Number of protein chains: 2
Amino acid sequence: MKAIVFDGTLRVSEVPPPRLSGTEALIRVLQAGICNTDIEITRGYHQFHGILGHEFVGVVEQTTDPRWRGRRVVGEINCACHHCDLCLRGLEKHCRNRTVLGIVSRPGSLAEFCALPLENLHEVPDEIPNDEAVFVEPLAAACEILEQITVLPDDRLCVVGDGKLAQLIVRVLARQGGVLTAIGKHEKNLDRMAGCGARVLLLDAVEDERKQLMGTFDIVVEATGSPSGFQTALMLVRPRGTLVLKSTYHGALSFDAAPLVVNEVRVVGSRCGPFRTALEKLQRQEVEVSSLISARYPLTRGLDAFEQARKSGTLKVLVSMETGDRASH
Amino acid sequence: MKAIVFDGTLRVSEVPPPRLSGTEALIRVLQAGICNTDIEITRGYHQFHGILGHEFVGVVEQTTDPRWRGRRVVGEINCACHHCDLCLRGLEKHCRNRTVLGIVSRPGSLAEFCALPLENLHEVPDEIPNDEAVFVEPLAAACEILEQITVLPDDRLCVVGDGKLAQLIVRVLARQGGVLTAIGKHEKNLDRMAGCGARVLLLDAVEDERKQLMGTFDIVVEATGSPSGFQTALMLVRPRGTLVLKSTYHGALSFDAAPLVVNEVRVVGSRCGPFRTALEKLQRQEVEVSSLISARYPLTRGLDAFEQARKSGTLKVLVSMETGDRASH
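Not measured: the values here are computed from a predicted model.

Cut-offs applied
- Residues numbered from 1 in each chain as written.
- Chains lettered and ligands numbered in written order.
- Predicted model: local features only at pLDDT ≥ 70, side-chain atom pairs only at ≥ 80, totals over all residues.
- Heavy atoms only, no water.
- Helix = DSSP H or I, 4+ residues; strand = E, 2+ residues; numbered from the N terminus.
- Rg over C-alpha atoms; globule rule 2.2 N^0.38 Å.
- Contact = heavy atoms within 4.5 Å.
- Areas by Shrake-Rupley, 256 points an atom, 1.4 Å probe, with all protein chains shown as cover.
- Lys, Arg positive; Asp, Glu negative; His and termini not counted.
- Charge placed at Lys NZ, Arg CZ, Asp CG, Glu CD.
- Pairing = 2+ DSSP bridges.
- Axes fitted to C-alpha atoms, helices over the stretch in contact; angles between N-to-C directions.
- Domains from an automatic or database assignment.
- Buried area = accessible area lost by both parts, 1.4 Å probe.
- Salt bridge = Lys/Arg side-chain N within 4 Å of Asp/Glu carboxyl O.
- Polar contact = N/O pair within 3.5 Å; in protein donor to acceptor, adjacent residues only side chain to side chain.
- Nonpolar A, V, L, I, M, F, W, Y, C, P; charged D, E, K, R; others polar.
- Least-squares fit on C-alpha atoms with pLDDT ≥ 70 in both.

A. Just the overall build of chain A, in detail. Secondary structure summary: chain A contains 12 helices and 20 strands in total. Taken against the 2.2 N^0.38 rule, which gives 20 Å for 329 residues, the C-alpha radius of gyration of chain A at 20 Å falls within 12% of a compact globule. Considering only C-alpha atoms, chain A reaches an extent of 60 × 45 × 40 Å along its principal axes. Pairs at least 24 residues apart make up 67% of the contacts formed inside chain A by residues separated by at least 6 positions. Accessible surface for chain A amounts to roughly 13100 Å². Of this, 47% is attributable to carbon and sulfur atoms. Counting 38 positive and 41 negative side-chain charges, chain A places the averaged centre of each group 2 Å from the other.

B. Molecular detail of the sheet that holds strand E17 (residues 266-269) of chain B. Reading across from one edge, E14(A)-E13(A)-E12(A)-E15(A)-E16(A)-E18(A)-E17(B)-E15(B)-E14(B)-E11(B)-E12(B)-E13(B) is the order of the 12 strands in this open sheet, with mixed pairing throughout. The open sheet has two edge strands with one neighbour each: strand E14 (199-202) of chain A together with strand E13 (199-202) of chain B. Strand-to-strand twist across the sheet, computed as the mean angle between neighbouring axes with direction ignored, equals 20°. In terms of strand pairing, strand E11 (residues 157-160) of chain B meets strand E12 (residues 180-184) of chain B through four bridges, oriented parallel. The residue of E12(B) that forms the bridge with B:Val159 is B:Ala182. Each of strand E12 (157-160), strand E13 (180-184) and strand E15 (217-222) of chain A touches helix H5 (residues 164-173) of chain A; the most contacted strand, E12(A), lies at about 165° to it.

C. Layout of the domain arrangement of chain A. Residue and element names in this part refer to chain A. Domains assigned within chain A are domain 1 (2-135 + 289-327) and domain 2 (140-269). For domain 1 versus domain 2, the distance between C-alpha centres works out to 27 Å. Counting from both sides, the interface comprises 18 residues of domain 1 and, opposite them, 14 residues of domain 2. The contact between domain 1 and domain 2 buries some 1400 Å² in all, and 51% of this surface belongs to carbon and sulfur atoms. Together, Tyr45, Leu292 and Leu315 form the three largest contributors to the area buried by domain 1 at its contact with domain 2, with a combined 35%. Viewed at the interface, domain 2 and domain 1 are joined by one salt bridge. With a shortest N-O distance of 2.8 Å, Lys93 and Glu144 are connected by a salt bridge. Viewed at the interface, domain 2 and domain 1 are joined by 10 residue pairs in polar contact (both at pLDDT 80 or more). Per-element accounting of the side of domain 1 that touches domain 2 gives the leading share, three residues, to helix H1 (residues 36-41). When its residues are assigned to classes, the side of domain 1 that touches domain 2 shows seven nonpolar, seven polar and four charged.

D. Spotlight on the relation of the copies chain A and chain B. Note on the copies: chain A fits chain B at an RMSD of 0.0 Å, the axial shift is 0.0 Å, and the rotation between them is 180°. Both copies of the chain, as the preceding transformation shows, are related through a two-fold rotation axis. For chain A, the smallest separation between a C-alpha atom and the rotation axis is recorded for A:Ser254, amounting to 2.0 Å. In this assembly, 100% of the residues forming the interface of chain A have copies in chain B that are likewise at the interface, indicating an isologous arrangement.

E. Representation of the pairing of strand E18 (residues 293-298) of chain B. Relative to strand E19 (residues 316-320) of chain B, E18(B) runs parallel, the two being bridged by five bridges. Across the sheet, B:Ala295 pairs through a bridge with B:Val317, a residue of E19(B).

F. Highlighting the interface of chain A and chain B. Each partner contributes to the interface: chain A provides 46 residues, whereas chain B provides 46 residues. Of the roughly 3400 Å² buried where chain A meets chain B, counting both sides, 53% is carbon and sulfur surface. Interface area lost by chain A to chain B is led by A:Val261, A:Val262 and A:Glu264, which between them contribute 18%. Our count for the chain A to chain B interface comes out at six salt bridges. One salt bridge connects A:Asp218 with B:Arg89, and the closest N-O pair in it is separated by 3.2 Å. Strand direction decides the pairing type here: strand E18 (residues 266-269) of chain A and E17(B), joined by three bridges, are antiparallel.

Right, dumping it as structure tokens:
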């Protein structure tokens, strides 16, 4: 089968299809998204070599449970051992022996086929088209924030970043009440956030208004995908406030830690989230996502897809495994 | 009056006594402690120039309320405006316009006299000698941890650091139940922590046992007073665990932030704490502190006191303003 492989070099390669073990299902991928994490992996993040990708919608082709055959699915990316201490305390997502689709010891979904345990799969309701279903994984990551922290109706919320994940976070938080501010570098992307009800600010304006903005937000979500956002986020959060950290990237974070201690800020690392919640939000049309698609490429043009995804200001780039006109750019 | 002043250079100087304003009381300092923050200020932390020191026990000499005159007191170090948004929501400790004794825009307590608003003062019960009362401020900072996080009886706790603040933290946490581990570089200091019921480990042993220890603690408190401890603490905390950050220092913290996000760790900055709780712990003899005194100097030998306090492995250095034999080293 064809797949987008990173082994120090990024390439579209012909590779053997996944071999199934245990209760794994073989999934024919229909569409897959490129996430910032995929791009960071090509920069050395997590030292992963193999088939990239962990955002997808597909159809179950082969499985030990015939009821699943032919179903259209999305899949949770963490595959747990169910035996370690973390699994036994209900933290399967953090399983010590886990594999992670396209990130840790498991070939990813930027391929014609991928494999996941049946327990990781969620059937996609008919009302949700592929163009939306492919957003379930990152939308769930956005929803994870509300699993970890409590947002009060009067809270002043701020999202730092205007990329694809930040867009989803704004869509999720905008429904929580309270004033929501989004800060970014790309006017066009900020306009989209304004359309979701956020007050938007260009990063340059933040520097100009530093004195007025400093320490004024109850909750700040850092989702820039780069180390640079953290210092801004820490400057914006109020004493005893909460800073949610969503960015994963290759390389070190360097900052003055004193304000974190002196202001008794709470920093919450946040990763994968609840697929069920994300699917519900799409099914109820609470969150609009398909307008975030910046470009589509067929799998054979995977390198072009990554090149596009790396460009500053680009939102979601989809890779389509379906043939025909829909897959063209 | 004599005072230990830092103005780019550390010196014992003759300076004018504090001028009182509002409800401030003039306090004759009996003993003052040297904190790691004082040492960091001499390295550039917080860009504070003036009289150092914020740990003290003293006697009220002059005040607008005669009932306080002659009382032996300790004093909370944050002086609030009571008008800003943070004061109005009950976060006076984080007041936007605050002065902080010996740290922000207020002369400190390493002097014959210092001044604080009456509301900051706590009378010291007769049962608590000066040698213990001088520990109230850092002991309160140790108690702050339990104001911010919940410790469950089965939690595996770890304190990284074996200095003066870490010693107090171990004394406070050892009473919470659960297994408490302390990690440090100084065998003698670790022995003291073992005496308080902690399992102790030298940092070198942690490196050797890295695989066994990684991600195994529910709560890790970083109290090394230097940036180096953070990476160790982050390595030790389990996914979804809590890392309490107590260290303030001059200079940047640099670390790989990915484990924080991927493991969804919660980092809690922690600073000043409840004086009342600390006084109660001393009054009930729940916490033993005076054995942590490494050395005593008279105010006139303030430079020697700092030199001693800077030495690796030194615990509390006290500066005594009382004359006579008690003040000698």
